[in-house]
Amino acid sequence: MGMNIKNPRVEQLAKDLAAETGETMTSAIQGALEEKIERLRRERDVAEKMRQVDEILARIPPPPPGVTSDHSDLYDEWGLPK
C-alpha cells in the first residue's frame, strides 16, 4: 500500500531526514515513525509506573508526630556538622 504525501512541509522534512541519515526517504520515515512510537510507549509506561507509585504512597499513613527525616539540627547554617 502506498502513501501520497500532499503536504510540502512534510515532504521537505522527509527529504531532509533522508539526506541527513543517508537513507532512502522510505527508510528514514520508517525509522522516524518507529522511534516516535517507541518514545510514546516508554512515556506511557513511565506514566503508568508513576501512577502506581502514587497509588501506593497514597495508602501509606503519615509519619507519627515528632518523627522526621529533617536532620537540620545536626548541621550549622553552612551545612557543616555541629
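Criteria and cut-off values
- Residues numbered from 1 in each chain as written.
- Predicted model: local features only at pLDDT ≥ 70, side-chain atom pairs only at ≥ 80, totals over all residues.
- Heavy atoms only, no water.
- Helix = DSSP H or I, 4+ residues; strand = E, 2+ residues; numbered from the N terminus.
- Rg over C-alpha atoms; globule rule 2.2 N^0.38 Å.
- Buried < 20%, exposed > 50% of the residue type's maximum accessible area, 1.4 Å probe, protein only.
- Areas by Shrake-Rupley, 256 points an atom, 1.4 Å probe, with all protein chains shown as cover.
- Lys, Arg positive; Asp, Glu negative; His and termini not counted.
- Charge placed at Lys NZ, Arg CZ, Asp CG, Glu CD.
- 1 Å grid on protein atoms, 1.4 Å probe; cavity = no way out; pocket = protein on both sides within 12 Å on 5 of 7 lines; lining within 4 Å.
- Points joined across faces, edges and corners; volume = space filled by probe spheres on them.
- Nonpolar A, V, L, I, M, F, W, Y, C, P; charged D, E, K, R; others polar.

Turning our attention to the overall build of the chain. Counting its regular elements, the chain contains 2 helices and 0 strands. Compactness check: the chain gives a C-alpha radius of gyration of 26 Å against a globular reference of 12 Å for 82 residues, more than 25% above the reference. Taken along its principal axes, the extent of the C-alpha atoms in the chain is 70 × 35 × 20 Å. For the chain, buried positions account for 4% of its 82 residues. In the structure as shown, the chain presents an accessible area of about 7700 Å², 59% of it carried by carbon and sulfur atoms. A distance of 9 Å separates the average location of the 12 positive side-chain charges in the chain from that of its 16 negative side-chain charges.

Turning next to the layout of surface pockets. In this structure, the largest pocket spans a volume of roughly 160 Å³. Around the largest pocket, the lining residues are Met 3, Ile 5, Met 25, Thr 26, Ile 29 and Gln 30. Of the residues assigned to the lining of the largest pocket, the class counts are 4 nonpolar, 2 polar and no charged.

Interpretation note: all reported values are geometric properties and have no functional meaning in isolation.
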